[in-house]
Amino acid sequence: MIINKFDVWYNFSTYLNTDNIDLIKLKDNILQTGLGELIFHSPDNMVFWVNEDRVISYDPKIKGDFQSYSFTIPDQSIITDGQLEYLYQAVKMKFHENLLFRDYMYNDLFDHIRVYLAPIYLQEGEVVISFYPQIKIYKNGIVQVIFRRIGNGKEIIHIDNFINKYVNLFNHSFKDVWIPSGFFFIQLAKEFGYKFYKKNSVKQLKAFSLLKEKVISDSVESSDEFKFRVTKLPTSTTEYNTKDLFDGIIDCILFCLNMKNDKPFKSQEKITCSQTWKGMPVIHLIDFEDMPADTSSISEAQFIDFKKILTRTTINGYMENESIKNLRAFNDYFFYFNEAVALSIMSKKGLAIDSKFSDPNNGHLIYDKQIQIEMINYYFIISRKLFDSSVFLENIKVEDIIDNRLYLLEIEYIFKKELFKFGETRKMFDFAESELGINDLKERSHQLFEIKKERNNIIKQDFYQKIGILITIIFGLLGAVSFSKDLVVPAWDIIFNNKINTTSKLLISYASTVTLFTIIIILIFKFINLKKWIMKFYKNE
């Protein structure tokens, strides 16, 4: 098979050790560092960017439904062409979110920001690969980093070459890499921050501004249609892959989250990132050799090639006899996914259906599938976060675990019951629960939580028992005073016929009484330990 036109979105998902991110503060810091070119906030649909050192807030007034939708654009004197392109993309993706998930995207249940970065360029020999990164950050700490790679339609790519160089790009490393200048600036700020973090606010802000100006002056303008400032990473023996870029962007997010506005170099590592992450390329085949009229007229040879993409291998016949499930309810395109890859395959019928919404970036064919995969990955990561919380319960409040479980139940009900009955979205979430192991994660989370809760109760009971013994001892020692004065001292008077003075009698009485009480307590503890040992011995027998 020859592939003529495609889009690939490399998706990474993880979570931070917080359930409540201040998205407004984070948005301000991302813009202050220059990391993001444009930020879209949901659910209020506000858009933010920087123009001549001034933060612009804009409401595009998104309106409409499946049949038609509209939005307004700002005066072009306050927005660059690149930022305006990102605005178009953000609004159209929001439209598809609303279409797929209805009113749930208008409340705080999925409160998030979507950050658009300047492109990343990876050079391999004479070939330069362009990435268009996005970061989706939810208020509850879920983070998704997406690298979009747009096929220009000018390449003619054999299926095996496509799998090796596009689907399995994570296997490739690159020595020559250009990243957004804001991305590079944060890496420098982290590296040189130790020189300034003890300085006062005025000096830190000045150094911060000078360092940023230096990075921008050393950057270059991208050579594509929309002009962005990018910086080449220092050439060394180090080579970079997509996971390295993901890790670098997560570091930038953490820097912005922990940064103080008045002392930007004094970053307090209060929020950290989990070691748990999930990567999944989402492949969109838009035009290919012998494209079928609809999904019913696909050839057997094409079907085998699609299986090769889903298994991410060029080996002929691998899993040839295995069945794969098309999750699309209609015959206009195919949609498959497994734990490693997602694949949408257009037919001629699929290309024609939404042609009135068409745009140069094929967003009308792609964005709805991307939104679906983002939400499935979100479902997986929030389930994994609950599982990890149940494992490491000692470091997390039980109340927080319960809140996360309630939230998971709420979104599970939405995904499985409240979404449209017809279409593939609800079917996809049902399929994802088994294919991605979400059901198993939830079941094991519940088991771990119950076991850990029982263990904590035992520890608490043991603690309270020891406290009770300690209180008993204290009151026993206090009672020893009365015991000595009322019983032991009169006994001394009878035995020694009042020959010992009063002070000595009291001291001797107190000492002997405390010693007696101590011996009794020691014997009790010895008996308890002996009883435990005997019970353990017979249990082992």
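Data block above holds the structure.
Since the model is a prediction, treat every value here as computed from it, not as a measurement. (Residues numbered from 1 in each chain as written. Predicted model: local features only at pLDDT ≥ 70, side-chain atom pairs only at ≥ 80, totals over all residues. Heavy atoms only, no water.)

(A) Region of the structure containing the overall build of the protein chain. Summing up its helical and strand segments, the protein chain has 13 helices and 17 strands in all. Across the 541 residues that make up the protein chain, the buried fraction comes to 47%. If you take every contact in the protein chain between residues at least 6 apart in sequence, the share linking residues at least 24 apart comes to 72%. About 27,500 Å² of surface is accessible on the protein chain, with carbon and sulfur atoms providing 56% of the total. (Helix = DSSP H or I, 4+ residues; strand = E, 2+ residues; numbered from the N terminus. Buried < 20%, exposed > 50% of the residue type's maximum accessible area, 1.4 Å probe, protein only. Contact = heavy atoms within 4.5 Å. Areas by Shrake-Rupley, 256 points an atom, 1.4 Å probe, with all protein chains shown as cover.)

(B) Structural context of the environment of Leu408. Secondary-structure assignment places Leu408 in helix α10 (residues 398-418). With 34 residues separating them in the primary sequence, Leu408 and Lys442 have C-alpha atoms 9.3 Å apart. Setting aside its immediate chain neighbours within four residues, Leu408 contacts Tyr379, Ile382, Ser383, Leu386 and Lys442.

(C) Fine view of α10. The first and last C-alpha atoms of α10 sit 29 Å apart over 21 residues, in line with the 30 Å expected at 1.5 Å per residue. All of the buried residues along α10 are Ile401, Asn404, Tyr407, Leu408, Ile411, Glu412, Ile414 and Phe415. Seen end-on, α10 carries its buried residues on one side only, within an arc spanning 155 degrees. In α10, those exposed residues whose orientation departs by more than 90 degrees from the buried face are Glu399, Leu406, Leu409 and Lys417. (Expected span 1.5 Å × (residues − 1). Arc of directions from axis to C-beta.)

(D) Fine view of the nonpolar core. Among the nonpolar cores identified, the biggest contains 140 residues, and Ile137, Phe162, Leu285 and Phe337 are the most heavily contacted of them. For this core, the element with the highest residue contribution is helix α9 (residues 363-391), accounting for 14 residues. Dropping the residues within four chain positions of it, Leu285 is found in contact with Ile3, Lys5, Phe6, Phe162, Phe306, Ile309, Leu343, Ser344, Ile345 and Met346. (Core = buried A, V, L, I, M, F, W, Y, C linked by side-chain atoms within 4.5 Å.)

(E) Main features of the pairing of strand β3 (residues 46-51). Within β3, 5 of the 6 residues are buried, which leaves it mostly tucked inside the rest of the structure. Bridge count for strand β2 (residues 38-42) against β3 is 3 bridges, and the pairing is antiparallel. Along β3, the bridge assignment pairs His41 with Met46. Taken together, β2 and the strand that follows it, β3, pair antiparallel across an intervening segment of 3 residues, in which Asn45 is found at a positive phi of about 65 degrees. Hairpin connection of β3 to strand β4 (residues 54-58): 2 residues between the antiparallel strands, including Glu52 at a positive phi of 50 degrees. (Pairing = 2+ DSSP bridges.)

(F) Quick peek at helix α2 (residues 81-101). A rise of 1.5 Å per residue sets the reference length of α2, with its 21 residues, at 30 Å; its end C-alpha atoms lie 30 Å apart and thus fit the reference within 8%. A large share of α2 lies buried, amounting to 18 of its 21 residues. Of the residues one or two after α2, Arg102 is the one with positive phi, at around 50 degrees.

(G) Inspection of the pattern of salt bridges at higher detail. Summed over the entire model, instances satisfying the criterion amount to 20 salt bridges. Note that Glu97 is salt-bridged to Lys136, the shortest N-O span being 3.0 Å. Separated by 39 residues along the polypeptide, Glu97 in helix α2 and Lys136 in strand β9 (residues 127-138) bring together distant segments of the chain. One salt-bridge network, in which partners are shared between bridges, spans Glu97, Arg114, Lys136 and Glu374. (Salt bridge = Lys/Arg side-chain N within 4 Å of Asp/Glu carboxyl O.)

(H) Region of interest: the environment of Leu16. Mapped onto the elements of the fold, Leu16 is located in strand β1 (residues 2-16). Sequence separation between Leu16 and Ser274 is 258 residues, and the spatial gap between their C-alpha atoms is 5.7 Å. With sequence-adjacent residues up to four places away left out, Leu16 is seen in contact with Ile21, Gly141, Val143, Leu254, Leu257, Ile271, Thr272, Cys273 and Lys385.

(I) Representation of unusual backbone geometry in the model. Backbone torsion omega between Ser42 and Pro43 reads 25 degrees, so that peptide bond is classified as cis. Looking at the element boundaries, Pro43 is found in the loop between β2 and β3. In this structure, Lys61 is a non-glycine residue whose phi angle is positive, near 50 degrees. Assignment of secondary structure puts Lys61 in the loop between β4 and β5 (63-64). Residue Lys61 is classed as partly exposed on the basis of its relative accessible area, which comes to 48%. Backbone geometry at Arg312 places phi at a positive 55 degrees, although glycine is not the residue there. With respect to the helices, strands and loops of the structure, Arg312 is situated in the loop between α7 (300-311) and β16 (333-337). Here Arg312 falls in the buried class, since its relative accessible area comes to 18%.

(J) Broad picture of the packing of helix α1 (residues 23-33) against helix α6 (residues 242-258). Where α1 contacts α6, the axes come no closer than 8 Å and their chain directions differ by 115 degrees. Taken together, the axes of α1 and α6 are roughly perpendicular relative to one another. For the crossing formed where α1 meets α6, the hand is right-handed. Across from Lys25, Leu26, Asn29, Ile30 and Thr33 in α1, the residues of α6 making contact are Ile253, Phe255, Cys256 and Leu257. Along the lines of polarity and charge, the residues of the contact of α1 with α6 split into 6 nonpolar, 2 polar and 1 charged. (Axes fitted to C-alpha atoms, helices over the stretch in contact; angles between N-to-C directions. Parallel < 35°, antiparallel > 145°, perpendicular 65-115°, else oblique. Left-handed = near helix turned anticlockwise from the far one by under 90°. Nonpolar A, V, L, I, M, F, W, Y, C, P; charged D, E, K, R; others polar.)

(K) Summary view of the packing of aromatic side chains. The full count for this structure, using the stated rule, is 22 aromatic pairs. Relative to Trp277, the ring of Phe246 lies with its centre 6.2 Å away and its plane at 40 degrees, an arrangement referred to as tilted. Of this pair, Phe246 sits in helix α6 while Trp277 sits in strand β15 (residues 273-288); the two residues are 31 residues apart in sequence, bridging distant segments of the chain. Through a chain of ring-to-ring contacts, three or more aromatic side chains come together here, namely Tyr10, Phe12, Phe131, Phe147, Phe246 and Trp277. The cationic tip of Lys278 hangs over the ring face of Phe380; the distance from NZ or CZ to the ring centre is 5.4 Å. Directly above the ring of Tyr333 sits Lys369, whose terminal nitrogen or CZ lies 3.9 Å from the centroid. (Phe/Tyr/Trp six-rings, centres within 6.5 Å; stacked < 30°, edge-to-face > 60°. Lys NZ or Arg CZ within 6 Å of the ring centre and 35° of its normal.)

(L) Layout of the environment of Ser297. Mapped onto the secondary structure, Ser297 falls in the loop between β15 and α7. Distance from Ser297 to Asn331, taken between C-alpha atoms, is 9.7 Å for residues 34 residues apart in sequence. One polar contact links the side chain of Ser297 to the main-chain amide nitrogen of Ala293, over a distance of 3.3 Å. (Polar contact = N/O pair within 3.5 Å; in protein donor to acceptor, adjacent residues only side chain to side chain.)

(M) Examining the side chain of Ser383 more closely. Mapped onto the fold, Ser383 is located in helix α9. Only 2.8 Å separates the side chain of Ser383 from the backbone oxygen of Tyr379, close enough to count as a polar contact.

Purely geometric numbers; function is a separate question.
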